[in-house]
Amino acid sequence: MSSTLLEVTRASHEEVERLERLIVKDLQSDPPTNKDRLYQSHRVRNMIEQITSTTHKLIEIYEDKDNARKDEIAALGGQSSTSANVNVFSAFYDRLKEIREYHRRHPAARYVVDTNDEYEQLLKEEPVIEFTGEEAFGRYLDLHELYNDYINSKFGKQIEYSAYLDVFSDPGRISRKLKLTRQYREYMQKLLEYLVYYFERTEPLQDLDRIFSKVIAEFEEQWSNGLVEGWKNENHEDGNVQQQDAIVDLDYYSTVEELMELGPEKLKEALAALGLKTGGTVQQRAERLFLTKHTPLEKLDRKHFAKGSRGPEQNGGTITLQSSEDAKEIALMEAKVEKLCDLLHETIVRTKENIEKKHALTYDEIVQEREEDEVQPESESDDEDQQIYNPLKLPMGWDGKPIPYWLYKLHGLGQEFKCEICGNHSYWGRRAYERHFKEWRHQHGMRCLGIPNTKNFNEITSIEEAKQLWEKIQEKQGLNKWRPDLEEEYEDQEGNIYNKKTYTDLQRQGLI
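What you see is a predicted model; the values in this text were computed from it and never measured. (Residues numbered from 1 in each chain as written. Predicted model: local features only at pLDDT ≥ 70, side-chain atom pairs only at ≥ 80, totals over all residues. Heavy atoms only, no water.)

Colleague: Is there a simple way to explain unusual backbone geometry in this structure?
Modeller: What is expected of a backbone is that most residues other than glycine have negative phi and most peptide bonds are trans. Notably, D64 is not glycine yet its phi reads approximately 50°, a positive angle. In this fold, D64 is placed in the loop between helix 2 (34-63) and helix 3 (68-76). Judged by relative accessible area, which is 13%, D64 ranks as buried. (Helix = DSSP H or I, 4+ residues; strand = E, 2+ residues; numbered from the N terminus. Buried < 20%, exposed > 50% of the residue type's maximum accessible area, 1.4 Å probe, protein only.)

Colleague: Is there a simple way to explain the UniProt feature "domain: Matrin-type" (unreviewed entry) in the protein chain in this structure?
Modeller: The feature "domain: Matrin-type" (unreviewed entry), as annotated in UniProt, sits at residues 417-448 in this numbering. Between the end C-alpha atoms of residues 417-448 the distance is 21 Å, and the span holds 47% helix and 22% strand. (UniProt positions renumbered as here; feature names shortened; annotations may be inferred.)

Colleague: I keep staring at the pairing of strand 6 (residues 425-428) and nothing clicks. Help me out?
Modeller: Within a regular beta strand, the side chains point alternately toward one face of the sheet and then the other, so they alternate between its two faces. Across four bridges, strand 5 (residues 416-419) lies against strand 6 in antiparallel orientation. By the bridge assignment, C419 is partnered in strand 6 with H425. Hairpin geometry of strand 5 and strand 6 is characterised by an intervening segment of five residues between the two adjacent antiparallel strands and by a positive phi of about 80° at G423. (Pairing = 2+ DSSP bridges.)

Colleague: How do you make sense of a negative patch on the surface when you look at a structure like this?
Modeller: A contiguous patch of negative charge on the surface is contributed by E420, E464, E465, E471 and E475. Along the polypeptide, E464 turns up in helix 21 (residues 463-479). (Patch = residues over 30% accessible without salt bridge, like charges linked within 9 Å, V, L, I, M, F, W, Y side chains within 5 Å. Areas by Shrake-Rupley, 256 points an atom, 1.4 Å probe, with all protein chains shown as cover. Salt bridge = Lys/Arg side-chain N within 4 Å of Asp/Glu carboxyl O. Lys, Arg positive; Asp, Glu negative; His and termini not counted. Charge placed at Lys NZ, Arg CZ, Asp CG, Glu CD.)

Colleague: It is not clear to me how the pattern of salt bridges should be interpreted in this structure. Could you clarify?
Modeller: Should the charged atoms of two oppositely charged side chains come close, the side chains can pair. According to the stated counting rule, one finds 23 salt bridges in the structure shown. Put simply, K65 and E63 hold a salt bridge, and the shortest N to O gap is 3.9 Å. The residue R104 makes a salt bridge to E101 at a minimum N-O spacing of 2.5 Å. Linking R104 with E101, this pair stays in helix 4 (residues 88-105), spanning three residues, or about one helical turn. The exposure class of R104 is exposed, given its relative accessible area of 53%. Among the residues examined, E101 registers a relative accessible area of 32% and is labelled partly exposed.

What follows is the structure, given as structure tokens:
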């Protein structure tokens, strides 16, 4: 019978009702752990999406754009939408033949199958939810990658991770000039993407699109009135939205190809602001603009300047453009981040408390607490699932199980690297060791030694070796310095040329 359109409609309504009952039944139970609560939320979310998909199909059937439903209903009464003279008995036997043919092709359809057990299995499913080890199955945030971007940027500060958890949700601390850089925009995009992804995993029943629609509506109203925090009096004056200064920092563009990504319009506006010619292809405009990065404008060839130009204004490699689109986009991302941080306030506080707690614990206490956390969610599972066989003491993966041994050997996680500059801190694996030279701990140690953290000091972990290398570099640089005793020249009355040291010696002896 499922070959008919009416049977498909009936089966779809039945499926929707069964899923609704399952949702009610699932929500009536109280999950004992955070892991079970997440499983329940994702199960309900999957069933809601299934109901939505089935409902859309039912709407298409009831709209009946091809009149298939109308014809089928007419055929049940022995009528036809195309012809009124139809033999009732012939229509009946045609219908009977169709049903027999269907059951001949599908013998299993002859028997009544109880689908309750099939639907009940949905309540026992454990959806796949990916979390990192630091996130601890949705209890904490993992912002270490964003933290590294923050402390190594021009707009960031050298602070501890726990202090970063207090400031990342408040973009108002950063000056407007630094906000209008490409580096800050990329940072905000990564932060917003992570928070959205985390919120979708931990709160699957929340309607994030509806939340963002309200944020956008409030933002548009505040932006038009010039009331956006951190952007006040920059885009509004006498009730009219004015164009805003958008900064393009040439320090962040190392090649002409990267500069071409700005597009022809922005390149044209930048060239016009500098008084340069604005014509040509996108590549020619980018090449002309890229010349100003290393060459002062007063030393540029006059052929690059537009006729009648009075000369541009340049300030430390930054070029001012007249556009408000970039500023508005960044301000909107900040509004979304602030909203998500409000919704995740408890998680942020819990993450900070966990970090501070780890700083106060010893290594053995941290390992013991992690083992307790891993055993607790599995307390109601089978005995086989509770005991994880890990004789080699391999690190745990995101799924709470030891990583494969070949992966452990591939990354060299059994190899320990100690850095004396970092306070004898240990790094496990070559990748973590090489990456730590750019991290805050090593940079802080180099600053304490009074040595710049340049590429010359990569792979150097000993304080003594770092000091010796720094002394050699200073001596080498000293050879290129101006030495007036040897290089400053003097001339006597006879026209003989001497350096300063020789001239003063001869003068003291009275020979000159």
